[in-house]
Amino acid sequence: MTMAAVADPQTPAEWVAEEMPRLVELYEELHADPELSFEEFESARRMAAQLTAAGFQSVSTQIGGTGVVGVLENGDGPVVLVRADIDALPVEEKTGLAYASTKRVTDASGQEVSVMHACGHDMHMTVWSGTAAYLATHRDQWSGTVVFIAQPAEERGAGAAAMLADGLYERFPKPDYCLALHVKGELPAGTIGSCSGYALGNVDSVDITVRGKGGHGSTPHLTHDPIVLASRIVVALQTIVSREIPPMEDGVVTVGSFHGGAKHNIIPDEVGLKITVRSYKPEIRKTILEGIRRTALGEAAAAGFPEHLMPLVVVRENEFTPATYNTPELVTRIDDRFRKVLGKDSVVPVEPVMGGEDFGRYGPAADCPSYIFWLGVSPQSLWDASQLPDGAPCPSMHNSRFAPDAKRSIQ
């Protein structure tokens, strides 16, 4: 957006200080009432109410499921999309906070689970709400259009795709820039973590069904043992990254589940492998996925398995989350602004991570620059202790003891 030259008698810091009690109260309400992916009905209602109260000209709900879209037009200028994700995780909270979640629900599989904002989306929603309110009440300081979206199901890597498929860019102004933030427990509250270029990875889920011919454990020669074959596949997969992609490129292949058999002396007919694959560049992703398929089939052939018992390799394309790329020019521009407003030491460089974040869909879909930055949230005392030689790491995302310093983080 274009910033106007008109000075406001109330500084942003003064406005935040005035609004802080309301924002902290909102944060605590959101934290105490988390909701799982695509079930964020109350969270969506709260976010829509925040935008309406702020004076957004249009507020739409049920976009891509439980998504919310608010539009605020303010003269000529670029269109800026600002995203917050709103879902929580099936984690039992152990923070001991007065406003800790005690919520238990039945998830989509029928299992009763605890629910917690263990990934900090409650902080995302709070900062998003405060930013929306500030822009709406200080229109003399900027011009352009802002599109605020509250996105469901980031934890499932599905919410961004659902909102785009529901016509996000056809029904609402198409952005010229896309912005978001994500909390980071490894940084103290009051700091911003900046990463230019690739910031978060491609995430793929791969299922391999290793088929065999079962039998008695005392006569393995009469079987095609899928447990031995699956073991060979697991070991062979580790050479894809070490031997098939260039040493300076990044990739991860992790087998997270190995299931087969039920008794000591029975060779089963089948073993299931579940694999997570991480990468940054599209060509590296392609190499790894092709390597997984080739390795599974090749190991089966080497073990003498017949054609009708070749492993079945399925890449779950509907669960794919693309890498998030921070446009370097936009990163530099915004980081300079952060330093001017928050102080020159407030922005610290951070390394890219292989975690997934479906915010990476918005920029490419609009062919525009994008930037997701990290918001430090750890209490200063915990962070200081973590820097000691024997210090324990600060609790971070997906941890049952993850407890941001609410006030300092919101500021």
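If you're wondering where the values come from, they're calculated on a predicted model, not measured in any experiment.

Cut-offs and rules
- Residues numbered from 1 in each chain as written.
- Predicted model: local features only at pLDDT ≥ 70, side-chain atom pairs only at ≥ 80, totals over all residues.
- Heavy atoms only, no water.
- Pairing = 2+ DSSP bridges.
- Helix = DSSP H or I, 4+ residues; strand = E, 2+ residues; numbered from the N terminus.
- Axes fitted to C-alpha atoms, helices over the stretch in contact; angles between N-to-C directions.
- Contact = heavy atoms within 4.5 Å.
- Left-handed = near helix turned anticlockwise from the far one by under 90°.
- Nonpolar A, V, L, I, M, F, W, Y, C, P; charged D, E, K, R; others polar.
- Buried < 20%, exposed > 50% of the residue type's maximum accessible area, 1.4 Å probe, protein only.

Undergrad: Which parts of the structure should I look at to understand the sheet that holds strand E16 (residues 312–315)?
TA: Sheet strands pair via backbone hydrogen bonds, and the direction of the pair is either parallel or antiparallel. Judged by pairing direction, the sheet is antiparallel, and its four strands sit side by side in the order E13-E15-E11-E16 without closing on themselves. At either margin of the open sheet sits one strand with a lone partner, and together these are strand E13 (251–260) and E16. Averaged over all neighbouring strand pairs, the angle between strand axes comes to 20°, with direction disregarded. When strand E11 (residues 202–211) meets E16, the two strands line up antiparallel, connected through four bridges. Along E16, the bridge assignment pairs Asp 207 with Val 314. Lying on the sheet, helix H7 (residues 282–302) is in contact with E11, E13, strand E15 (270–279) and E16; it crosses E15 at an angle near 165°.

Undergrad: Teacher, can you tell me more about the packing of helix H1 (residues 12–32) against helix H3 (residues 121–137) here?
TA: Their axes nearest at 9 Å, the elements H1 and H3 cross at an angle of 145°. In this structure, the crossing between H1 and H3 has a hand that is right-handed. On the side of H1, the interface is formed by Pro 12, Trp 15, Arg 22, Leu 23, Leu 26, Tyr 27, Leu 30 and His 31, while H3 contributes Asp 122, Met 123, Met 125, Thr 126, Ser 129, Gly 130, Ala 133, Tyr 134 and Thr 137. Residue classes in the contact of H1 with H3 are distributed as 10 nonpolar, five polar and two charged.

Undergrad: What is the right way to look at the pairing of E15 in this model?
TA: Moving residue by residue along a regular strand, the side chains alternate between the two faces of the sheet. Of the two faces of E15, the one lined by Val 271, Leu 273, Ile 275, Val 277 and Ser 279 is fully buried and the one lined by Glu 270, Gly 272, Lys 274, Thr 276 and Arg 278 carries no buried residue. Pairing of E11 with E15, which is carried by 10 bridges, proceeds in the antiparallel orientation. By the bridge assignment, Ser 205 is partnered in E15 with Thr 276. Inspection of the sheet shows E13 paired to E15 by nine bridges, in the antiparallel sense. Residue pairing across strands places His 259 opposite Gly 272, the latter belonging to E15.

Keep in mind these values describe shape, not function.
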